[in-house]
Amino acid sequence: MPVLQFKGKTAVECYHYSVPHHTFQFDKKLSVLDKGQKPGLDGNLIIEGDNLLALKALLPTHAGRIKCIYIDPPYNTGNEGWVYNDNLTQREFNSWMCE
């Protein structure tokens, strides 16, 4: 079976252990709720935020219960205010990409 190997793979695979668990903050204005109903983690959820933080927030309550997750990937837009660094000029990134 083919295995993808690259420099720094272990660091990437273990990075999520360094990120603490998070909790969700519900926005009642964006929630579709019956009168008197409080937001909860049951049923379908739309979560806006950092992918890893959202997954870490789901882990304690939803481990083994999720059927599908759709993650909208970041795009390299070139905008300066974008939260994802799409300027791969750092020495370590270059060494990963060139080997």
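About the thresholds
Residues numbered from 1 in each chain as written. Predicted model: local features only at pLDDT ≥ 70, side-chain atom pairs only at ≥ 80, totals over all residues. Heavy atoms only, no water. Helix = DSSP H or I, 4+ residues; strand = E, 2+ residues; numbered from the N terminus. Buried < 20%, exposed > 50% of the residue type's maximum accessible area, 1.4 Å probe, protein only. Lys, Arg positive; Asp, Glu negative; His and termini not counted. Salt bridge = Lys/Arg side-chain N within 4 Å of Asp/Glu carboxyl O. Polar contact = N/O pair within 3.5 Å; in protein donor to acceptor, adjacent residues only side chain to side chain. Contact = heavy atoms within 4.5 Å. 1 Å grid on protein atoms, 1.4 Å probe; cavity = no way out; pocket = protein on both sides within 12 Å on 5 of 7 lines; lining within 4 Å. Points joined across faces, edges and corners; volume = space filled by probe spheres on them. Nonpolar A, V, L, I, M, F, W, Y, C, P; charged D, E, K, R; others polar.

**Student:** Describe the side chain of Lys56, with residues and values.
**Tutor:** Its place among the elements puts Lys56 in helix H2 (residues 51–62). Buried and unpaired, Lys56 has Asp50 as its nearest opposite-charge partner, separated by 11 Å. At a separation of 2.9 Å, a polar atom in the side chain of Lys56 contacts the main-chain carbonyl oxygen of His16. Residue contacts for Lys56: discarding those within four places in its chain leaves His16, Val19, Pro20, His21 and His22.

**Student:** Mind laying out the layout of surface pockets, listing which residues take part and the relevant values?
**Tutor:** Volume-wise, the second largest pocket comes out at about 720 Å³. Lining the second largest pocket are 24 residues; nearest its centre among them are Gln25, Phe26, Ile46, Ile47 and Glu48. Across the lining of the second largest pocket, the residue classes tally to 13 nonpolar, seven polar and four charged.

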